[in-house]
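The residues making up each chain are set out below.
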Amino acid sequence: MATLMGLKARQVLDSRGRPTVEVDAIASTGAIGRAIVPSGASTGRHEAIELRDADRPRYGGLGVMQAVENVTRHIAPEVIGIDLDDQPGLDARLIALDGTPNKSRLGANAVLGVSLAVAHATALARGEELFVHLNRLWNNRLAKEGIQPDLPTMPMPMVNMISGGLHAGGNLDIQDVLLIPTAATSYSEALEQIVRLYRVVGTILRKAGHESVLVGDEGGYGPRLRDAEEAFRIVTEAIVACGLEPGRDAAIAPDVASNHFFDPARGTYRMKATGDLDRDSAAMVDLIAGWAERYPIVSIEDGLAEDDWEGWSALTARLGGRMQLVGDDLFTTQEARIRRGIEQKAGNAVLIKVNQVGTLTETFDALVLARSAGFRAVVSARSGETEDATIADLAVATAAGQIKIGSVARSERLAKYNRLLRIEEALGPDAPFARPFG
Ligand code: PGA
Ligand code: ZN
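One structure accompanies this document, and this report is about it. (Residues numbered from 1 in each chain as written. Chains lettered and ligands numbered in written order. Predicted model: local features only at pLDDT ≥ 70, side-chain atom pairs only at ≥ 80, totals over all residues. Heavy atoms only, no water.)

Residues in contact with ligand 1 amount to 14 residues; listed here are only the nearest, Ala41, Gln175, Arg382, Ser383 and Lys404. Gln175 has a polar side-chain atom sitting 2.8 Å from an oxygen atom of ligand 1. The contact in question runs from an oxygen atom of ligand 1 to an N or O atom on the side chain of Glu301, over 3.2 Å. In terms of residue class, the shell around ligand 1 is made up of two nonpolar, five polar and seven charged. Taken domain by domain, the shell around ligand 1 gets at least three of its residues from each of domain 1 (4-127) and domain 2 (156-427). (Near = heavy atom within 4 Å. Polar contact = N/O pair within 3.5 Å; in protein donor to acceptor, adjacent residues only side chain to side chain. Nonpolar A, V, L, I, M, F, W, Y, C, P; charged D, E, K, R; others polar. Domains from an automatic or database assignment.)

And the structure:
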């Protein structure tokens, strides 16, 4: 079988013009696999560490040259020559080389770049599409757990319509108002509906007097609205205007990202845009339950802060039976935190971001654990992205069921939506499509 002949790494820029790590993995067949690492803005405290060159003046201290050097100087000599078919072995080696619980020595950006670039190189060396190769790796993993294999399955998209929080200059307290075309019967039909809905949301905003409807980091509109409920009303209006039935054909899925307005010193949620400054955890649960009563919401992400386990359990007891409650900053794609969530009945779904954990194998760990506990999974991009579309293949290969990429604007988002269109075509007219809310 092919082996790894070399690794190259370089600094490139992401969709915010911030440096990030790109890795080329060179196979003994001559195939070159490439991956570019994404980067978040509303990161959780428990995420794996992204190394940045704080001590170097270039790019205002945001450079990633140290991580790049870690790939070429420290990782390459240890992994060159490995059997490309042994991704778990490679990842285990990367984890051991780093030796810290949060990848702070080599940097999760260095480690993830290598892990994903090698997966790309292996697929190329085998003459396979990436999702086919990843699906085999995934099914090998499932077999070890005694779980039936998955067919490659197109995910239901969860798409950003209106942006707020740290993604759009603090115009709105909550971070994103997303939409799920729940009744779509294929990925391409879902995408077409989403584009139509996105246009109509823009029209409604313009009619309401938001003259410059600019977009946030993930391509969602970033208007200055009164509160989250105004955003929910606008998106619901768009669903109706498209001739769809809210809650049946299309539904809302806010990412509250409450962590960034939680004040740990006071123990309260402080929503500055609305002047709602002193909500304790129970009052935050009441607020969210009220939204769920009044709007066609089927999924809520990060309704409570990353360490508010009690609040999460209370929210799950209240709403978990009738909607998806997704932990992003809560779980940070880490097996140990997901296990705690399962034990404490905190949330019922996991957001999966590869750079929160740092290797493909650990991403599979998170997905397998979620699967065996009956938790749903949403494979997600970051707010800082690039043309790299690996997560599209990952979502299909693992039959995760849902994908969250941002809006249908800006090419770092469309790179993934378009990759999914190509995968759907490759799978043929009977491509399995996940309809978790259908
Ligand atoms: P981030 O945002 O990439 O800035 O963390 C995405 C999210 O919160 O889901
Ligand atoms: Zn989130």
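What follows concerns the packing of aromatic side chains. Using the criterion set out here, one finds eight aromatic pairs in the structure. Lying across the ring of Phe437, Arg376 places its NZ or CZ 4.9 Å from the centre. (Phe/Tyr/Trp six-rings, centres within 6.5 Å; stacked < 30°, edge-to-face > 60°. Lys NZ or Arg CZ within 6 Å of the ring centre and 35° of its normal.)

Quick look at the side chain of Ser407 now. Position of Ser407 relative to the elements: it lies in the loop between β14 (401-406) and α13 (411-427). Classification of Ser407 as buried rests on a relative accessible area of 0%. Among the polar contacts made by the side chain of Ser407, one reaches the main-chain carbonyl oxygen of Asn160 at a distance of 2.6 Å. If we ignore the near neighbours within four places in the chain, the residues touching Ser407 are Val159, Asn160, Tyr198, Glu218, Gly219, Gly220, Arg413 and Tyr417. (Helix = DSSP H or I, 4+ residues; strand = E, 2+ residues; numbered from the N terminus. Buried < 20%, exposed > 50% of the residue type's maximum accessible area, 1.4 Å probe, protein only. Contact = heavy atoms within 4.5 Å.)

In this model, helix α4 (residues 130-144) (15 residues) spans 21 Å end to end at C-alpha, consistent with the 21 Å of a helix rising 1.5 Å per residue. Three or more residues of α4 are buried, namely Leu130, Phe131, His133, Leu134, Asn135, Leu137, Trp138, Asn139, Arg141 and Leu142. Where the residues of α4 are buried, they touch α2 (87-98), α3 (108-126), α11 (360-372), α12 (390-397) and α13. Immediately beyond the C-terminal end of α4, within one or two residues, lies Gly146, with a positive phi of roughly 70°. (Expected span 1.5 Å × (residues − 1).)

Attention shifts here to the sheet that holds strand β2 (residues 19-27). Spatially, β1-β2-β3 is the arrangement adopted by the three strands of the open sheet, whose pairing is antiparallel. Where the open sheet ends on each side, the last strands, each with one partner, are β1 (4-13) and β3 (32-36). Averaged over all pairs of adjacent strands, the angle between their axes in this sheet comes to 20°, without regard to strand direction. Pairing analysis gives five bridges linking β2 to β3, with the strands arranged antiparallel. For Ala25, the partnering residue across the bridge sits in β3 and is Gly33. Along the sheet, helix α1 (residues 65-79) contacts β1 and β2; its crossing angle with β1, the most-contacted strand, is approximately 175°. (Pairing = 2+ DSSP bridges. Axes fitted to C-alpha atoms, helices over the stretch in contact; angles between N-to-C directions.)

In this section: the sheet that holds strand β9 (residues 276-279). In spatial order, the strands read β7-β8-β9; together these three strands make up an open sheet with antiparallel pairing. Edge positions in the sheet fall to β7 (262-263) and β9, since each has one partner strand and no second.

By size, the foremost hydrophobic cluster in this structure holds 141 residues, and its most contacted members are Leu7 and Ile162. Considering every element that reaches this core, the biggest residue donor is α3, with 10 residues. In this structure, Ile162 is in contact with Leu172, Gln175, Asp176, Val177, Val201, Tyr221, Pro223, Leu225, Ala231, Ile234 and Val235, ignoring residues within four places of it in sequence. (Core = buried A, V, L, I, M, F, W, Y, C linked by side-chain atoms within 4.5 Å.)

By themselves, these figures tell us nothing about what the structure is for.
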